[in-house]
Amino acid sequence: TLEVRVFETQQKPNKYGKKILEIKTAETKSNNNEITLPYTSLEKAAKDNIDKIKLVFDLASIEIDPNHFEESTKGDLSLSIKKEKNLISIGFRLGDKVLAELNKAIKISLPYDKGIKDKNKITAMLIKENGTKEIVGGVYDETRKTVKFLTKELGKFTIEEGTREFKDTVKYKWAEEAIESMAVKGMIDGKSDTKFDPSANTTRAEFAALISRMLKLDEDLSIKLPFKDIDNDKWYYKSILAVYKKGLINGKSSVNFDPEGNITREEMAKIIGSILENSSYKKQNKKELDKFIDKDSVASWSEEGAAIAVHNGIIKGTNGR
């Protein structure tokens, strides 16, 4: 038995509401959930301007875009969720094709009600076929007691509370918790197992890689970068390609990217602002920057990004700057 409803999430002062099609199973305490969405229903949802289809099961909830799959891959979408001990196995089938990996990330929420020492170090893990674990990341919701994460890969998932400490972050208390959390979730890494190097600058390539990992962007693209200063054998090539294709980052010119150059705060603000806008956050007036005495030095191309990042508390400045 399925419960189906369409509703709009509440619009907030800083964020637009979304039109959600929720499909909920009436089954409870089942170790095996299955559902098939006809292609025609996905097509109709897209035509009706549905932003998200939310599938709610006893074992997990999954959010997908109605137009998640390309026109060339038409077919009914079958979804299965199985519980095996402390593992949740999630599988997609499109028509007759079993999908091990998607071209775009989906959002999954798994229940987690075990004892927690630090909610910021909770992360989802993907168990590979050979038994190894791959960090997926995620955010713990204390109210719902769930872990929400993005993934392009499907398979067996589990939730863990990780640990990651660096000996050289002690003097950087304002950033230490965030550094350890992001390291546990696989978004950043240290210079070694015990050294993070917190005062070092971040390059444009490193920041692009961080963004690509955070958003689970598709790095397996057939297009080529237009920049002459990035060799395709560099570790960061695919990350920059993914972020550039998403429209989140540009080059210093049409032919140069400057991957090894240090990224500036206004460049980061521009990228963060674009991510927020793509996530339904509202644009903000550049008057948000009036609190900073160096507001006039912010480049015009970065003002919108800086304003939305400041309004949402992501960028706070230092000593009024």
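It should be noted that the structure appears before, not after, this text.
Throughout this description, residue numbers start from 1 for each chain and increase along the sequence as written. Thresholds applied to this predicted model are a pLDDT of at least 70 for local features of residues and 80 or more for the giving and counting of side-chain atom pairs; totals over whole chains, interfaces and linings are not thresholded and use all residues. Side-chain numbers come from the whole structure's heavy atoms, not from hydrogens or water.

### Regarding the overall build of the protein chain
For step 1, the next point in the chain: Secondary structure summary: the protein chain contains six helices and 14 strands in total.
For step 2, the next point in the chain: We compute the radius of gyration over the C-alpha atoms and compare it with the globule rule, which gives 2.2 Å times the number of residues raised to the power 0.38. Here the C-alpha radius of gyration of the protein chain, 21 Å, is about what a compact globule of 321 residues would show, namely 20 Å.
For step 3, the next point in the chain: For the protein chain, the C-alpha atoms occupy an extent of roughly 60 × 45 × 40 Å along the three principal directions.
For step 4, the next point in the chain: For the protein chain, with 321 residues in total, the buried portion stands at 41%.
For step 5, the next point in the chain: Residues are treated as being in contact if the distance between any of their heavy atoms lies within 4.5 Å. Long-range contacts, defined as pairs at least 24 residues apart, comprise 63% of the intrachain contacts of the protein chain with a sequence gap of at least 6.
For step 6, the next point in the chain: The Shrake-Rupley method, run with a 1.4 Å probe sphere, supplies the accessible areas, and residue values consider only the shown protein chains as cover. Of the roughly 19000 Å² that the protein chain leaves accessible, carbon and sulfur atoms contribute 46%.
For step 7, the next point in the chain: In this charge count, Lys and Arg are treated as positive and Asp and Glu as negative; neither His nor the chain ends contribute. All charge positions are set by atom: Lys at NZ, Arg at CZ, Asp at CG, Glu at CD. Averaging the positions of the 57 positive and the 52 negative side-chain charges in the protein chain gives two centres separated by 2 Å. To qualify as a helix, a DSSP run of H or I must reach at least 4 residues; to qualify as a strand, a run of E must reach at least 2; elements of each kind are numbered from the N terminus. Working definition: with a 1.4 Å probe on protein chains only, accessible area under 20% of the residue-type maximum means buried, over 50% means exposed, and in between means partly exposed.

### Some remarks on the environment of Gly137
For step 1, the next point in the chain: Relative to the helices and strands, Gly137 is located in strand E11 (residues 133-137).
For step 2, the next point in the chain: Looking at Gly137, the relative accessible area reads 3%, which means it is buried.
For step 3, the next point in the chain: Along the primary structure Gly137 and Glu84 are separated by 53 residues, whereas in three dimensions their C-alpha atoms are 21 Å apart.
For step 4, the next point in the chain: Those residues in contact with Gly137, other than ones at most four positions away along the chain, are Thr123, Ala124, Phe149 and Lys185.

### So, the environment of Lys152
For step 1, the next point in the chain: With respect to the secondary-structure elements, Lys152 resides in strand E13 (residues 146-153).
For step 2, the next point in the chain: A residue is classified by how much of its surface remains accessible, and Lys152, at 13% relative accessible area, is buried.
For step 3, the next point in the chain: For Lys152, the residues in contact, after removing those within four places along its chain, are Ala100, Glu101, Leu102, Asn103, Lys104, Ala105, Lys216, Leu217 and Asp218.

### A word on the pairing of strand E3 (residues 32-37)
For step 1, the next point in the chain: Of the two faces of E3, the one holding Asn33, Ile35 and Leu37 is buried and the one holding Asn32, Glu34 and Thr36 is not buried anywhere.
For step 2, the next point in the chain: In this structure, E3 lies alongside strand E6 (residues 77-84), joined through six bridges in antiparallel fashion. In the sheet register, Thr36 faces E6, and the bridge partner there is Ser78. The pairing criterion is simple: DSSP has to find at least two bridges between the two strands.

### Considerations on the side chain of Thr25
For step 1, the next point in the chain: Mapped onto the elements, Thr25 comes out in strand E2 (residues 19-25).
For step 2, the next point in the chain: Take Thr25: its relative accessible area is 9%, and that puts it in the buried class.
For step 3, the next point in the chain: Among residues more than four places away in sequence, those in contact with Thr25 are Thr1, Leu2, Val56, Phe57 and Asp58.

### Let's talk about the pairing of E6
For step 1, the next point in the chain: By the bridge criterion, eight bridges tie E6 to strand E7 (residues 87-94) in an arrangement that is antiparallel. Across the sheet, residue Leu77 finds its bridge partner in E7, namely Leu94.

### Observations regarding the sheet that holds strand E1 (residues 2-8)
For step 1, the next point in the chain: In spatial order, the strands read E1-E2-E4-E5-E9-E13-E12; together these seven strands make up an open sheet with mixed pairing. Of all strands in the sheet, those bounded by a partner on one side alone are E1 and strand E12 (139-141). Recorded for the sheet is a direction-independent mean angle of 20° between the axes of neighbouring strands.
For step 2, the next point in the chain: Pairing of strand E5 (residues 61-64) with strand E9 (residues 101-111), which is carried by three bridges, proceeds in the antiparallel orientation. From the neighbouring strand, Ser61 faces E9, where its bridge partner is Ser109. Structural elements are reduced to axes, namely lines fitted to C-alpha atoms, with helices fitted over the stretch in contact, and the angle between N-to-C directions of any two is expressed from 0 to 180 degrees.

### Things to note about the environment of Lys145
For step 1, the next point in the chain: If you trace the backbone, Lys145 turns up in the loop between E12 and E13.
For step 2, the next point in the chain: Note: C-alpha distance between Lys145 and Ser78 (67 residues apart in sequence) is 27 Å.

### Examining the pattern of salt bridges
For step 1, the next point in the chain: We count a salt bridge whenever a side-chain nitrogen from Lys or Arg sits within 4 Å of a carboxyl oxygen from Asp or Glu. Per the stated rule, a full pass over the model turns up 18 salt bridges.
For step 2, the next point in the chain: Across the pair Lys119 and Glu142 runs a salt bridge, and its minimum N-O distance is 3.2 Å. Of this pair, Lys119 sits in the loop between E9 and strand E10 (122-127) while Glu142 sits in the loop between E12 and E13, and the two are 23 residues apart along the sequence.
For step 3, the next point in the chain: The salt bridge involving Glu134 is made with Lys128; its shortest N-O contact spans 3.5 Å.
For step 4, the next point in the chain: Among the charged side chains, a network of salt bridges with common partners joins Lys128, Glu134 and Glu153.

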